[in-house]
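# Observations on chain architecture
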Amino acid sequence: MALDRTLYDWIGGTYSVGRRTDPRIAARIWDALGNAETVLNVGAGTGSYEPPGRDVVAVEPSTVMRSQRPTDAAPCVGAVAEHLPFADKSFDVAMAVLTDHHWSDPIRGFQEMKRVARRVVVFQWDERWLARYWLVRDYVPEFARVGGRPSLAQRAAVIGARLETVPIPWNCVDGFFHAYWRRPEAYLDEQVRRCTSVWGRLGRNLEARAVAALAADLVTFVWHDRNSDLLELSEIDLGARLLVGES
Ligand SMILES: C[S@@+](CC[C@H](N)C(=O)[O-])C[C@H]1O[C@@H](n2cnc3c(N)ncnc32)[C@H](O)[C@@H]1O
């Protein structure tokens, strides 16, 4: 199937600069894979979280993302989750990490993962937690109002998944949106922001307003006063969940 230019063909050019496997989150994902020998990584991007020592095949629609995969990474097919070009139950596990919020039809994508694999493992945020994150609550509340998609519970039901909490370490090395929850200065760095799709979705005006307000609150220690409880923590539950479903 021919793929049109995707969002990540536009915004993914520097993805591998700031987005990489965090070992503590990887340990949770790899543990959930059980003793799987064959693994399909859907929405694989540049190859983060692909488990060593297993027979991995990746699926990734963006040529820009595929081009940043290390030369020794798993073979990668240009396809989308909603139409996986594989026979029924051809993998022990299908995994998807921080990707299904980009799929045009996540329910169909999860049905497809369930069709091609005996187990499905998904790492994703519970969007109901978004408004509680200080960055959203105090600087871009507009982001919490982006809705209209199936909830995490609805998506989990498709694969009959149990949900496990995955705390985010204070020094998380994967630069996703919540990664810098205890390092607020990081969000002032344009390169950090370009590694997540959130800012592109909000648009340049909201981004500029948020960055200016955060910069001011850091200089005046308003941020520190408001979030002093965070500075004591080494990890935190921000709504990241591991979905594990067997079929
Ligand atoms: C935030 S990145 C995550 C990449 C990788 N899983 C990781 O953890 O670094 C989201 C990825 O989903 C891919 N994607 C977007 N729509 C997709 C779809 N319909 N099916 C599969 N992947 C898709 C994007 O091209 C992008 O590479």
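This text gives an overview of the structure that appears in the document. (Residues numbered from 1 in each chain as written. Predicted model: local features only at pLDDT ≥ 70, side-chain atom pairs only at ≥ 80, totals over all residues. Heavy atoms only, no water.)

## Here's the deal with the packing of aromatic side chains
Scanning the entire structure with this criterion turns up 13 aromatic pairs. When the centroid spacing of 5.2 Å and the interplanar angle of 80° are considered together, the rings of Trp 134 and Trp 223 count as edge-to-face. Linking Trp 134 in helix 6 (residues 134-138) with Trp 223 in helix 11 (residues 222-226), this pair joins segments that are 89 residues apart in sequence. Look at Trp 134 and you get buried, because its relative accessible area is 3%. Relative accessible area serves as the criterion here: at 0%, Trp 223 is assigned to the buried category. Ring centres 5.7 Å apart and planes at 85° place the aromatic pair Tyr 180 and Tyr 187 in the edge-to-face group. The pair formed by Tyr 180 and Tyr 187 is uniform in burial state, with each residue classed as buried. Three or more aromatic residues joined by ring pairs make a cluster, and in this case those are Tyr 133, Trp 134, Tyr 139, Phe 143, Phe 177, Tyr 180, Tyr 187, Trp 199 and Trp 223. Sitting over the ring of Trp 129, Arg 132 keeps its end group 4.1 Å from the ring centre. If you follow Arg 182 out to its NZ or CZ, it ends over the ring of Trp 170, 4.3 Å from the centre. (Phe/Tyr/Trp six-rings, centres within 6.5 Å; stacked < 30°, edge-to-face > 60°. Helix = DSSP H or I, 4+ residues; strand = E, 2+ residues; numbered from the N terminus. Buried < 20%, exposed > 50% of the residue type's maximum accessible area, 1.4 Å probe, protein only. Lys NZ or Arg CZ within 6 Å of the ring centre and 35° of its normal.)

## A look at the sheet that holds strand 9 (residues 240-246)
Taking strand neighbours across the sheet as the criterion, the seven strands line up as 3-2-1-4-5-9-6 in an open arrangement whose pairing is mixed. Among the strands making up the open sheet, the edge pair consists of strand 3 (76-77) and strand 6 (162-165). For strand 2 (residues 55-59) and strand 3, the ladder comprises two bridges, and the chain directions are parallel. By the bridge assignment, Ala 58 is partnered in strand 3 with Cys 76. On top of the sheet, helix 3 (residues 23-32) reaches strand 4 (91-97), strand 5 (117-125), strand 6 and strand 9; it is set at about 155° to strand 5, its chief contact. (Pairing = 2+ DSSP bridges. Contact = heavy atoms within 4.5 Å. Axes fitted to C-alpha atoms, helices over the stretch in contact; angles between N-to-C directions.)

## Side note on helix 3
Turning to helix 3, its buried residues number three or more, namely Ile 25, Ala 26, Ile 29 and Ala 32. All buried residues of helix 3 fall inside an arc of 125° around its axis, so they share one side. Away from its buried face by more than 90 degrees, helix 3 exposes Pro 23 and Asp 31. Taken from the residues just after helix 3, Gly 34 is the one with a positive phi, measuring 60°. (Arc of directions from axis to C-beta.)

## What to know about the pattern of salt bridges
Inspection of every chain in the model, using the stated rule, returns 23 salt bridges. Two residues, Arg 69 and Glu 50, come together in a salt bridge whose shortest N-O distance is 2.8 Å. A residue pair is termed long-range when its members are at least 10 positions apart, and Arg 69 in the loop between helix 4 (63-66) and strand 3 and Glu 50 in the loop between strand 1 (38-42) and strand 2 qualify at 19 residues. For Glu 50, a relative accessible area of 14% gives the class buried. Asp 138 is paired through a salt bridge with Arg 137; the nearest N and O atoms lie 2.7 Å apart. A relative accessible area of 38% places Arg 137 in the partly exposed class. Through salt bridges with shared partners, a single network forms among Glu 190, Arg 193, Arg 194, Arg 204 and Glu 207. (Salt bridge = Lys/Arg side-chain N within 4 Å of Asp/Glu carboxyl O.)

Honestly, it's all geometry; don't read function into it.
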